[in-house]
Amino acid sequence: MGAVLGVFSIASWVPCLCGSASCLLCSCCPNSKNSTVTRIIYAFILFLGTIVSCIMCLKSMESELKKIPGFCEGGFKIKVADPEEDKVCNVLVGYKAVYRINFALAIFFFAFFLLMLKVKTSKDPRAALHNGFWFFKIAAIVGIMVGSFYIPGGSFASVWFIVGLIGAFFFIVIQLVLLVDLAHSWNEKWVNLMEEGNPRVWYAALLSVTSLFYIASLVSVGLLYTYYTKPDGCTENKFFISINLILCVVISIISVHPKIQDGHPQRVVDNEKDGVQYSYSMCHLMFCLASLYIMMTLTNWYSPDANFQRVSSKWPAVWVKISSSWVCLLLYTWTLVAPLVLTNRDFS
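Predicted model, so just to flag it, every value in this text is computed and none were measured.

What the chain contains, in helices and strands, is 13 helices and 2 strands. When burial is assessed residue by residue, the chain has 38% of its 348 residues classed as buried. Contacts in the chain between residues far apart in sequence, at least 24 positions, make up 76% of those at least 6 positions apart. As displayed, the chain offers around 20,000 Å² of accessible surface, 67% of which is attributable to carbon and sulfur atoms.

The structure is reproduced here in structure tokens:
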């Protein structure tokens, strides 16, 4: 907990460096209307939480915590199911600490997600809370984080594992949607440049980048077969790697079909809407899901038991990764065929 308190105490002053000298309690700086600055600060808070989680995963943390006078004699004592496992410093490190740190971050961002629902303009009183009051918000995060270490063990880790699994899945799906959109935007921008400028240069650039990604994909598949399969076993691994490879080939063929090319419109970038530049509530929801994804990643998608004695790999975690890849392929396929199926809709 020394790392938690120390890092976030420093963090409470970092935002003040970019504001005026009048950084007091009421609306601690930066009470900025700059949406980019606000999002950077929230991202920095999430980044600090990740750093603290990584520190807690270090093997040397247990011995370091024991050096703190009185730290291991009571204080942050957590009740666990097995009395023999009731060792304070052991409970504060590893995946148990990671779960509690990211629990605090997820709760904070989810509360702000609910609080910022339907904020349409920066004149809304809640917008000031989103863009300012950094002292109170960081203090709240630290308070929730410290309080989370008092949560009794029991089934907390197992339940939070399920919550993290679901949240991480939705985070991956949303990122895949953005990835598909990025691929379309990138392609359309370069095709427009090819039509308006030097066609040979931009055609060569588009072909080179496309070829590079295909080569990287084939190399990745080869590495998966090399490190995650055996000639006389690993049937499930071989099946999933092979089916994904086949699906990628099929979708690649579909994407270059003449009917798909003719029916796919060029999109027009809309002007920015009046009011807020982005959805405050969705911003906090994404940070909430990101904290859950980071939690699952740092703990290697393993599931702890209630007695804090072991962690084990779970097939649900494997299915999250596999199904997310299929969702990505499905989304991309739909963006290709939708203009042909829904002829009455405008996809420009």
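Having put the structure on the table, let's press on.
Under the counting rule described, the total for this entry stands at 21 aromatic pairs. Taking the centre distance of 6.2 Å and the plane angle of 45 degrees together, the rings of Tyr-42 and Phe-287 count as tilted. Of the two residues, Tyr-42 is situated in helix α2 (residues 35-56) and Phe-287 in helix α12 (residues 280-298); the sequence distance between them amounts to 245 residues. Neither Tyr-42 nor Phe-287 differs from the other in exposure class; each is buried.

This paragraph deals with the environment of Met-282. Mapped onto the fold, Met-282 is located in helix α12. For Met-282, a relative accessible area of 37% corresponds to the partly exposed category. The spatial distance from the C-alpha of Met-282 to the C-alpha of Phe-110 is 9.8 Å, given a sequence separation of 172 residues.

Of all hydrophobic cores here, the largest spans 58 residues; its most connected members are Tyr-42, Ile-45, Tyr-99, Phe-109, Trp-160 and Trp-301. When residues of this core are traced back to their parent elements, those giving at least two are α2, α5 (95-115), α7 (134-148), α8 (156-196), α12 and α13 (315-341). Considering each element in turn, this core owes the most residues, 13 residues, to α5.

Another aspect to go through is the pattern of salt bridges. Here the structure, examined in full by the defined rule, presents 1 salt bridge. Taking the shortest distance from any N to any O, the salt bridge between Arg-126 and Asp-124 comes out at 3.2 Å. A relative accessible area of 25% places Arg-126 in the partly exposed class. Given the relative accessible area of 18%, Asp-124 is considered buried.

Parameters and conventions
- Counting from 1, residues in each chain are numbered in the order their sequence is written.
- Confidence filtering applies because this is a predicted model: local features only for residues at pLDDT of at least 70, side-chain atom pairs given and counted only at 80 or more, and all residues used for totals across whole chains, interfaces and linings.
- Calculation of side-chain values draws on the structure's entire complement of heavy atoms; hydrogens and water are dropped beforehand.
- Runs of H or I in DSSP of at least four residues are treated as helices and runs of E of at least two as strands, each being numbered from the N terminus.
- Each residue is assigned to one of three classes by its accessible area relative to the maximum for its type, calculated with a 1.4 Å probe on protein chains only: buried under 20%, partly exposed between the two thresholds, exposed over 50%.
- The contact criterion used throughout is that any non-hydrogen atoms of two residues lie within 4.5 Å.
- Values of accessible area rely on a 1.4 Å probe in the Shrake-Rupley scheme; residue burial ignores everything except the protein chains shown.
- Aromatic rings from Phe, Tyr and Trp, with only the six-membered ring used for Trp, were paired whenever their centres fell within 6.5 Å, and each pair was classed as stacked if the ring planes differed by under 30 degrees, edge-to-face if by over 60, and tilted otherwise.
- As used here, the term nonpolar core means buried Ala, Val, Leu, Ile, Met, Phe, Trp, Tyr and Cys residues forming a set that is joined through side-chain atoms within 4.5 Å.
- Every case where a carboxyl oxygen of Asp or Glu lies within 4 Å of a side-chain nitrogen of Lys or Arg is listed as a salt bridge.

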